[in-house]
Structures are given as structure tokens and as C-alpha cells.
Amino acid sequence: MRRVVWRGAGAVALAVCVAGSTAGCTTAAEHAPPAHPPSVGHTAGAQAPAAHSVVKVWGFASSCGRRTEATGFVYAPERILLNAHTVAGVDRDLEVVLDDGRRFAARVVAFDPEVDAAVLRAPGLTARPLRLTKAARTTAVVVGYRKGAAAPAVLPATVRPDEPAESYDIYNRRRVSRQVHRFQGAAITPGMSGAPLVTRGDRAMGMVFAADMDRADVGYALTAAQIEAVAAAGENATAAVPHGPCS
């Protein structure tokens, strides 16, 4: 078992035990800076058409005085998948920004604090959706917005088969089981939580939710199978749902 400790946007520490690893215990955190500077990788554009389907997410949670800066990706018309912990408690100025600078007001229409997945609806958003896939692939790219960046980074990664992980919900209250991909080669930095793990150009096999603090180039993503129920719940939803308090 590999024990991974990670933090969500609200700096709540959670223990994640991943089966099938012979490595010793280590720590990870969604918002911790890497131990050494990450490789630059590629920026959006011709390098990765999927980058046009990935958005920066902004918002403000009044109850904890926290501004959100995260990543999400379009998976259905006007719908964006992202981590629940990044929008927990957000009650002001929620919007998504495309790589060409266009902005769209958004609302949370699905929210699961146990899976750590949520869906935003952004009326008028016309970006091409990525398709969720359960197909197992050993190579992929992580496409996500580093904190403060105007364009998403495109980072190649080597992916291990999905593994069971024991953890807690985003509020550190209830023990939950998740299916995750462990990937290597892409340094996950603040702002990239919610980035898709993309294969075959337009398919998302997972969504980033944690980064390893001991190894800057190792990260963890929820599998497509793990997030599909939340995606289905939000695909046709239009009404806002409760999504607080802050995590």
C-alpha cells in the first residue's frame, strides 16, 4: 500500500492509500509547490487541440475569504468537469475562461464531495467537448492552467493502470474509496487541479486531483469511471445545487 497525503484548495490534509505499490510512504498536496522547478512543457495551440476544451476557473468563497483559481474541461455542451474542492463554498464571481480569453459566467449544477468532482454549467460556451473514456492507455498528456498562466500547459505523462485508493471526502469526514491513475512525467503545480488526462487527442481518461510532494513529476487523477456518475448528473442539469461550505 502506498500512503499519499494531499491537500485540497482549503489546505485540508487527507490520507490516500493506493494498493499495488511497493514504494514507501510519501506525501502529496494539490497546492504544494514542487521540490524543484517543473519542466516547461508545451503551451496550447497546435501542440494540443484539446487545450481549446480546457478552461481556467475563477471564483470567490466569501465564508473563508478564498479566491479559486483552478482548471476544468468541457465534456458536454456548456458543461465543465472539475474538482469539487476547488468550488466548495464559492458564492461570488464564478466564471470560466477559454484559452482565447473569452469569459463565461458559470454555476455549479452537480457536486460530489466524496468523489471530489463537480460540474459547472456555462451558458453560451461553445468549446468542443472532450469525451470521457475508460480505455486503458499508458501515455497521455495533462492539460492544465498553472496559477497565473494565461494559456494551459501541455505535459506528457506515463500512466499506470487504475488502482483503488482509500481516502476521505473533501471535508476529511467520511472515509471513501476511489479509483485513480498514477502518472509520471508531468509536474502538477497550483492551479492545475481539475486538469484532464488526455489521450488520442480528444479523450479524457481521468481528472487530476493530487500531486506528489516527494516527487515533483508524479501526480494522481480520478479515473473516467470514477467521475462518470457526476458527469451524467450534471450533463442536463440547469439549476444550481448547494456546494458548500469551503473545504
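For the structure, see preceding data.
Here the structure is a predicted model, which is why all the values come from computation and not from measurement.

**Some words on the pairing of strand E7 (residues 92–97)**
In terms of strand pairing, strand E4 (residues 54–61) meets E7 through four bridges, oriented antiparallel. Directly across from Lys 56, in E7, lies its bridge partner Val 97. Counted along the chain from E7 to the antiparallel partner strand E8 (residues 103–105), the turn is five residues long, and its residue Gly 101 has a positive phi close to 95°.

**Digging into the pairing of strand E12 (residues 139–144)**
The side chains of a regular strand alternate, residue by residue, between the two faces of the sheet. As paired elements, E12 and strand E13 (residues 153–159) share six bridges and run antiparallel to each other. Each residue of the ladder has a partner; that of Gly 144, found in E13, is Ala 153. For E12 and strand E16 (residues 196–199), the ladder comprises two bridges, and the chain directions are antiparallel. Looking across to E16, one finds that Val 142 is bridged to Leu 197.

**Let's talk about the pattern of salt bridges**
With the rule as written, the count across this model stands at twelve salt bridges. For Arg 103, the salt bridge identified is with Glu 95, shortest N-O distance 2.4 Å. Where salt bridges share partners, they join Arg 128, Asp 202 and Arg 203 into one cluster.

**What about unusual backbone geometry?**
Here Gly 244 and Pro 245 are connected by a cis peptide whose omega angle stands at 5°. Unusually for a residue other than glycine, Asp 116 sits at a positive phi of about 75°. Mapped onto the secondary structure, Asp 116 falls in the loop between strand E9 (107–112) and strand E10 (117–121). The residue Asn 172 is not glycine, and still its phi comes out positive at about 60°. For Asn 172, the position within the fold is in the loop between strand E14 (163–168) and strand E15 (175–184).

**Quick word on the side chain of Ser 167**
One can find Ser 167 in strand E14. Here Arg 178 takes part through its side chain, which lies 3.1 Å from a polar atom of the side chain of Ser 167.

Calculation criteria
- Residues numbered from 1 in each chain as written.
- Predicted model: local features only at pLDDT ≥ 70, side-chain atom pairs only at ≥ 80, totals over all residues.
- Heavy atoms only, no water.
- Pairing = 2+ DSSP bridges.
- Helix = DSSP H or I, 4+ residues; strand = E, 2+ residues; numbered from the N terminus.
- Salt bridge = Lys/Arg side-chain N within 4 Å of Asp/Glu carboxyl O.
- Polar contact = N/O pair within 3.5 Å; in protein donor to acceptor, adjacent residues only side chain to side chain.

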